[in-house]
Amino acid sequence: MDRKSTTITIIFMLLSITTGLMSHDLLIGGLALFTALMCSYFSSEGKRISYIYGLINYLLIGLISFKNHLYGLFFFGMIVCPIIQIQGYISWGKNLDENKNVKVREFTLRNSIIITISCILGSLIISYLLTLIPDQRIAFMDASSNTINLCAVILGILRFKECWWIWLINNTIDLSIWLITFISKGEGSFMMLLVSISYLVINFYGIIKWNKEAKKNMNS
């Protein structure tokens, strides 16, 4: 780990511990915030260690979501994501440049249309299924978050720079979900609200970083 990454890791750790202690949610919430920050940062840098932090983070999000009756996020975090994170770690390992950063690429208008239609249809179908669960909360937002996130994760594994734009939409929805849950005093919602804000902020860095990498790869 270089000096920059080490410094950022220490800052993220101190921030997570401080907010965890202040909110009396150090073990689950503090760890969720730390792994979210680390996953998002290393993803933006194109480092495959992000998938290890992502695996831990999704499991924690799944646990917190279950406690707040957000079953779409629960199933996504506990069942779907562990498989995807492992696949992503393996896939990125096969597509690294000389600096051990993932090789970024970009896709066409046809890809964009397919992704958009898939997200809309997936959100509607999953939303309907979630409404069949008696105590499910904000079903459509829960379903949309999972569908859009899944599309972004897959595009991230395939190294498409557009994954960050889709994550931007997903992170906005996630922020809304946890804001609503925080207002209704849901368990662990304060730390998840901070996680969502952190993802959103680093998301913009990821967009800028991957755009530069994609142009570099096209010119090389």
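Along each chain, residue indices are assigned from 1 in the same order as the chain's sequence is written. Since the coordinates come from a predicted model, pLDDT governs what is reported: local features require at least 70, and pairs of side-chain atoms require 80 or more to be given and counted, while whole-chain, interface and lining totals use all residues. Excluded from the side-chain calculations are hydrogens and water; all other atoms, namely the structure's heavy atoms, are used.

Chemist: Mind showing me how you'd approach the side chain of S44 here?
Modeler: Here S44 is to be found in helix α2 (residues 26–44). Only protein chains enter the accessibility calculation, which uses a 1.4 Å probe; a residue is then buried when its area is under 20% of its type maximum, exposed when over 50%, and partly exposed in between. Judged by its relative accessible area of 1%, S44 falls in the buried class. As used in this structure description, the phrase polar contact means that two N or O atoms lie within 3.5 Å; if the pair is within protein, one of them must be able to donate a hydrogen and the other to accept it, and residues adjacent in sequence are counted only when both atoms belong to side chains. For S44, the side chain forms a polar contact with the main-chain oxygen of Y41, separated by 2.5 Å. Working definition: helices are DSSP H or I runs of at least four residues, strands are E runs of at least two. Numbering for both runs from the N terminus.

Chemist: What is the right way to read the packing of helix α5 (residues 109–131) against helix α6 (residues 139–157) from this model?
Modeler: When two helices pack together, their arrangement is given by the angle between the helix axes and the distance between those axes. To get an axis, a line is fitted to the C-alpha atoms, and for a helix only the part in contact is used. The angle between two axes follows their N-to-C directions and goes from 0 to 180 degrees. Close contact between α5 and α6 brings their axes to 8 Å; oriented N to C, the two are set at 140 degrees. Of the possible angle classes, the one that applies to α5 and α6 is oblique. As for how α5 packs across α6, the hand of that crossing is right-handed. Counted together, I115, S118, C119, G122, S123, L124, I126, S127, L130 and T131 of α5 and A139, F140, D142, A143, S144, T147, I148, C151 and L155 of α6 form the full contact between these two elements. Put simply, Ala, Val, Leu, Ile, Met, Phe, Trp, Tyr, Cys and Pro go in the nonpolar bin, Asp, Glu, Lys and Arg in the charged bin, and everything else, Gly too, in the polar bin. Of the residues in the contact of α5 with α6, the class split is 11 nonpolar, seven polar and one charged. Should an angle lie under 35 degrees it is considered roughly parallel, over 145 roughly antiparallel, and from 65 to 115 roughly perpendicular; all remaining angles are considered oblique. Should the near helix be turned anticlockwise from the far one by less than a right angle, the crossing is termed left-handed; should it be turned clockwise, right-handed. Residue contacts are counted whenever heavy atoms from the two residues lie within 4.5 Å of one another.

Chemist: Just to check I follow, could you spell out the side chain of T19 for this structure?
Modeler: On the secondary structure map, T19 appears in helix α1 (residues 3–22). Overall, T19 belongs to the buried group, its relative accessible area being 13%. Within polar-contact distance, the side chain of T19 engages the backbone oxygen of S16 at 3.2 Å.

Chemist: Just to check I follow, could you spell out the packing of helix α4 (residues 71–93) against α6 for this structure?
Modeler: α6 packs onto α4 with a crossing angle of 5 degrees between their chain directions and a minimal axis gap of 10 Å. Between α4 and α6, the angle is such that the two are roughly parallel. Where α4 abuts α6, its residues Y71, G72, L73, F76, V80, I84, Q85, G88, S91 and W92 lie against D142, S145, N146, N149, L150, V153, G156 and I157.

Chemist: Mind showing me how you'd approach the confidence of the model for the chain here?
Modeler: As a general rule, the predicted coordinates of low-pLDDT regions are not to be interpreted in detail. The score called pLDDT rates the predictor's confidence residue by residue, from a low of 0 to a high of 100. Summing up the model confidence of the chain, the mean pLDDT is 88 and the portion of residues at 70 or higher is 98%. Across the chain, the element-wise mean pLDDT spans from 82 in α5 up to 93 in helix α3 (residues 50–67).

Chemist: Help me out: how do you make sense of the pattern of salt bridges in this one?
Modeler: A side chain with one charge can pair with a side chain of the opposite charge if their charged atoms come near. Throughout this description, the term salt bridge denotes a Lys or Arg side-chain nitrogen within 4 Å of a carboxyl oxygen of Asp or Glu. In this structure the tally under the stated criterion is four salt bridges. With a shortest N-O distance of 3.7 Å, E45 and K209 are connected by a salt bridge. Of this pair, E45 sits in the loop between α2 and α3 while K209 sits in helix α8 (residues 189–219), placing them 164 residues apart in sequence. Residue classification places K209 among the partly exposed positions, given a relative accessible area of 22%. Here E106 and K161 are joined by a salt bridge, their closest N and O atoms 2.9 Å apart. Here the residue E106 occupies a position in the loop between α4 and α5, and K161 occupies one in the loop between α6 and α7 (163–183), the gap between them amounting to 55 residues.

Chemist: What is the right way to look at the nonpolar core in this model?
Modeler: Generally speaking, nonpolar side chains in soluble globular proteins are found buried as a group. Ranked by internal contacts, the top residues of the largest apolar core, which has 53 residues, are F12, L155, W178, V195 and W210. Sorting elements by how many residues they give to this core places α8 first, with 10 residues. In contact with V195, other than residues within four places in its own chain, are A32, L33 and A36. Nonpolar core, defined: a set of buried Ala, Val, Leu, Ile, Met, Phe, Trp, Tyr and Cys residues in which side-chain atoms within 4.5 Å join the residues together.

Chemist: What is the right way to read the environment of I173 from this model?
Modeler: Within the secondary structure layout, I173 lies in helix α7. Sequence spacing of I173 and I84 is 89 residues, and the spatial spacing of their C-alpha atoms is 21 Å. Discounting residues that sit within four places of it in the chain, I173 has contacts with M141, S144, S145 and I148.

Chemist: Would you take a moment to explain a nonpolar patch on the surface for this structure?
Modeler: A patch consists of residues whose relative accessible area exceeds 30% and which take part in no salt bridge; residues with like charges are grouped when within 9 Å of each other, and nonpolar side chains (Val, Leu, Ile, Met, Phe, Trp, Tyr) when within 5 Å. Each accessible area is a Shrake-Rupley estimate made with a 1.4 Å probe; only the visible protein chains count as cover when residues are assessed. Together, L109, I113, I117, L121, I125, I126, Y128, L129 and L132 give the surface a local cluster of nonpolar side chains, amounting to about 920 Å² of exposed area. Among the secondary structure elements, I113 is positioned in helix α5. The exposure class assigned to I113 is partly exposed, which follows from its relative accessible area of 45%.

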